[in-house]
Amino acid sequence: MKNIVLGLLLAFTTFVYADYDEGIDYIALEKPVKTTTGDKIEVRELFWYYCPHCYNLEPVLHAWLKKLPANAEFVQQPAVFSKRWKKGAIFYFVLEELDLLGKLHEPLFSAIHAKNKNFNSKTSFINWVVSFGVNKEKVEKAFKSFAVRIKLNKATLNSTKYKIKGVPVIVVNGKYWTDATHAGTHSRMLEVVDFLIKKESKIE
């Protein structure tokens, strides 16, 4: 009986502290990208509101973030690979400018993927935000703001630095990134992120 318990314990320990392989489970960037989180380990998600895989990751990611170590900080960045991708990115920055990300980030994902709202015009998105009781002039002003324009341009430049071709991707400390293609599933992708956070924490 003791041997069985010991075997299960060893198997569990191996699972928890499993190693993941560079080039297979995650990619190491040749040139690290500067982080924005100071002394904390940056955990950056690159996503696009119109990406169904990003939408499916949301609930898994939301649950995982509750267990994020104190020495790590989560950052979101809408990826911009083309003019078409700018549409989803500007929605994010407008909501950020209005301090509405906490309230409308998930509903926006749901509106696009569960309710088939395409937001093919700026007006349709503005009207959607207004439907939550937000002043229309404030939304229009945010769209035209210098801050949103600067953030959109910065996101466009940053998206190329990570050498990625799709989303969702999670980058750890500007050095490593992983996605479901490399890790296999969304859940395993976050396990790889846990491993990379530990790697950056210098914990043996």
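Residues numbered from 1 in each chain as written. Predicted model: local features only at pLDDT ≥ 70, side-chain atom pairs only at ≥ 80, totals over all residues. Heavy atoms only, no water.

1. A word on helix 4 (residues 101-113)
In a regular helix each residue adds 1.5 Å, so 13 residues correspond to 18 Å; helix 4 covers 18 Å between its end C-alpha atoms and thus fits that length. Looking only at helix 4, the buried set comprises Leu101, Leu104, His105, Leu108, Phe109, Ala111 and Ile112. Down the axis of helix 4, the sector holding all buried residues measures 160 degrees, keeping them to one side. Looking at the buried side of helix 4, the elements it contacts are strand 2 (41-47), helix 2 (52-65), strand 3 (72-78), helix 3 (83-97) and helix 5 (122-130). (Helix = DSSP H or I, 4+ residues; strand = E, 2+ residues; numbered from the N terminus. Expected span 1.5 Å × (residues − 1). Buried < 20%, exposed > 50% of the residue type's maximum accessible area, 1.4 Å probe, protein only. Arc of directions from axis to C-beta. Contact = heavy atoms within 4.5 Å.)

2. Some points on the sheet that holds strand 1 (residues 27-28)
Read across the open sheet, the five strands follow the order 1-5-4-2-3; overall the sheet is mixed. Looking at the sheet topology across the chains shown, the edges are occupied by strand 1 and strand 3. Here strand 2 pairs with strand 4 (residues 169-172) via four bridges, running antiparallel. In the sheet register, Leu46 faces strand 4, and the bridge partner there is Val169. Across the face of the sheet, helix 9 (residues 186-200) comes into contact with strand 2, strand 3, strand 4 and strand 5 (176-178) while running at roughly 10 degrees to strand 4. (Pairing = 2+ DSSP bridges. Axes fitted to C-alpha atoms, helices over the stretch in contact; angles between N-to-C directions.)

3. Things to note about unusual backbone geometry
Leaving glycine aside, a negative phi is the common case for residues, and trans is the common case for peptide bonds. In the segment running from Val167 into Pro168, the intervening peptide bond is cis, with an omega of 5 degrees. Along the chain, Pro168 turns up in the loop between helix 7 (146-161) and strand 4. The phi torsion at Asp99 lies on the positive side, around 60 degrees, for a residue other than glycine. Its location among the elements puts Asp99 in the loop between helix 3 and helix 4. Judged by relative accessible area, Asp99 falls into the exposed class, the value being 70%. One non-glycine residue, Lys163, lies in the positive phi region at around 55 degrees.

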